[in-house]
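The primary structure of each chain is shown beneath.
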Amino acid sequence: MVENEVVAPTQTSNDRPLPPLKDSGWSFVPDVAKLSDPEFAAYRDSMRPVILRGGCSSWKACQRWSPDYFEDVAGSVTVPVKTINNSEINVSSWELAEYARFVKDSQPCEGGDSTSIATATPYCHDIPLLGLIESLAEDCQPFPVDFLSPSYRRHWWRYSQFFMGPEGAVTPLHFDTLLSHNLFFQIFGAKQFTLLPPSQTIHCGRRGWRWFDVDPEQPDYARFPEYKGTTPAVITVNAGDILYMPPGTLHHVRSLSTSISFAIDFHTKQSVLDALTQSSDGMPNEVRYYNAISALSVISGISESITFPLYRPYLSYIS
């Protein structure tokens, strides 16, 4: 394991909602067993989350993928591993085999306290692994390509972000960097998501562009009294489930067990236009750039052979 860098999110306060984003004021996540392409589009276009139970349970990935599997098939691949601790993200380089062994050897929090703050766990988080080992996409069939915008469909795996971590790994409250749609696939183990709609950012102690200081599991009401007025939705996402989150959705994520998953951030024409309107609201320059590249692809129809090499660094971008 090699230490690479420490990245500290900007500390500037930005306690404002994201006004141009549509917000249906949802306070729960519909739980469905089937979801046709038009039904999914209705959730997406109305900016409402939804969970499709067992939506990817037939995939080979749900039978094959485990820490042992990745130790065998991709062990020599070097990946960045993040340790999130308060306002710092410490990034170190691990061979995937080394990290898989770490996950297998990791124990639950002392005393079994599943609600303790466990953000300092090394976490293989937001890694473009399927783009590095494209054969892994063969384990993810049939893939619901029509859930994605057309420009993402042909090589969907290139846009995916991979997660593997032990029980207790936590990603603090945040929204996705590009204000894009998020399609999340839980492959192994289970995670608990705490979700809030974009309009409730003002109650959550926004820090910098996309992070929040409220801990939804242990909220400090003395520091954040307005958080009492929020309506978080707490949902467990099990192996084989697919979760959709609209742009700007605040989410806090805890691994309830050893967990493997991946997500795809994608834009529609409307979402990328909405995101571009946020350029003056503290959006980092890099995010403006990647949203502009997305617009070239999604709105202008510029060839993926031109846009993806420009977009690819986003998949390793830390913010």
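That block above? That's the structure.
Analysis parameters
- Residues numbered from 1 in each chain as written.
- Predicted model: local features only at pLDDT ≥ 70, side-chain atom pairs only at ≥ 80, totals over all residues.
- Heavy atoms only, no water.
- Buried < 20%, exposed > 50% of the residue type's maximum accessible area, 1.4 Å probe, protein only.
- Helix = DSSP H or I, 4+ residues; strand = E, 2+ residues; numbered from the N terminus.
- Pairing = 2+ DSSP bridges.
- Arc of directions from axis to C-beta.
- Contact = heavy atoms within 4.5 Å.
- Salt bridge = Lys/Arg side-chain N within 4 Å of Asp/Glu carboxyl O.
- Core = buried A, V, L, I, M, F, W, Y, C linked by side-chain atoms within 4.5 Å.
- Polar contact = N/O pair within 3.5 Å; in protein donor to acceptor, adjacent residues only side chain to side chain.
- Phe/Tyr/Trp six-rings, centres within 6.5 Å; stacked < 30°, edge-to-face > 60°.
- Lys NZ or Arg CZ within 6 Å of the ring centre and 35° of its normal.

1. So, the pairing of strand S16 (residues 259-266)
Here is step 1 of the chain: Of all eight residues that make up S16, eight are buried, and the element is covered over most of its length.
Here is step 2 of the chain: Residues Ser259, Ser261, Ala263 and Asp265 of S16 are buried on one face, and the alternating residues Ile260, Phe262, Ile264 and Phe266, pointing to the opposite face, are buried as well.
Here is step 3 of the chain: Pairing of strand S7 (residues 160-165) with S16, which is carried by six bridges, proceeds in the antiparallel orientation. Note on S16: the bridge partner recorded for Gln161 is Ala263.
Here is step 4 of the chain: Both strand S9 (residues 181-188) and S16 contribute to a ladder of seven bridges, which runs antiparallel. In the sheet register, Leu183 faces S16, and the bridge partner there is Ile264.

2. Considering helix H1 (residues 37-45)
Structural remark: α-helix, 3.6 residues per turn; residues separated by three or four positions point the same way.
Here is step 1 of the chain: Among the residues making up H1, those that are buried are Phe40, Ala41, Tyr43 and Arg44. Each buried residue of H1 lies within a common arc of 160° when the element is viewed along its axis, so the set occupies one face.
Here is step 2 of the chain: Against strand S2 (31-32), strand S3 (50-52), S9, strand S14 (242-245) and S16 lie the buried residues of H1.
Here is step 3 of the chain: At the exit of H1 stands Met47, carrying a positive phi of roughly 60°.

3. Section: the pattern of salt bridges
Here is step 1 of the chain: Per the stated rule, a full pass over the model turns up twelve salt bridges.
Here is step 2 of the chain: Between Arg53 and Asp241 there is a salt bridge, and its shortest N-O distance comes to 2.6 Å. With Arg53 in the loop between S3 and helix H2 (61-64) and Asp241 in the loop between strand S13 (233-237) and S14, the pair connects residues that are 188 residues apart, well separated along the chain.
Here is step 3 of the chain: Residue Arg53 is classed as partly exposed on the basis of its relative accessible area, which comes to 25%.
Here is step 4 of the chain: According to the relative accessible area criterion, Asp241 is buried, its value standing at 4%.
Here is step 5 of the chain: Here Glu71 ties to Lys104 by a salt bridge, and the two come within 2.7 Å at their closest N and O atoms. With Glu71 in helix H3 (residues 67-73) and Lys104 in helix H4 (residues 96-105), this residue pair connects regions lying 33 residues apart in the sequence.
Here is step 6 of the chain: Overall, the relative accessible area of 36% leaves Lys104 in the partly exposed class.
Here is step 7 of the chain: Via salt bridges that share partners, Asp68, Glu71, Arg101 and Lys104 belong to a single interconnected network.

4. As for the nonpolar core
Here is step 1 of the chain: Judged by nonpolar contacts, the single largest core of 85 residues is most densely connected at Trp65, Phe70, Trp156, Phe162, Met164 and Phe262.
Here is step 2 of the chain: Top element by residues in this core is S16. It accounts for five residues.
Here is step 3 of the chain: Excluding its chain neighbours within four sequence positions, the residues that come into contact with Trp65 are Phe70, Leu130, Leu136, Asp139, Cys140, Phe162, Ile187, Phe188, Ile260 and Phe262.
Here is step 4 of the chain: Ranked by size, the runner-up nonpolar core spans five residues in total, among them Ile84, Ile89, Val91 and Trp211.

5. Section: the side chain of His181
Here is step 1 of the chain: With respect to the helices and strands, the residue His181 is situated in strand S9.
Here is step 2 of the chain: His181 gets classed as buried once you look at its relative accessible area, which sits at 2%.
Here is step 3 of the chain: A polar contact of 3.4 Å, which involves the side chain of His181, links it to the side chain of Thr268.

6. Points about the packing of aromatic side chains
Here is step 1 of the chain: Applying the stated criterion to the full structure yields 33 aromatic pairs.
Here is step 2 of the chain: Geometrically, the ring pair formed by Trp156 and Trp157 is edge-to-face, given 5.7 Å between the ring centres and 85° between the ring planes. Considered together, Trp156 and Trp157 belong to a single accessibility category, that of buried residues.
Here is step 3 of the chain: Through successive ring pairs, a cluster of aromatic residues spans Trp59, Trp65, Tyr69, Phe70, Phe143, Trp156, Trp157, Phe162, Phe185 and Phe262.
Here is step 4 of the chain: The cationic tip of Arg48 hangs over the ring face of Phe28; the distance from NZ or CZ to the ring centre is 5.5 Å.

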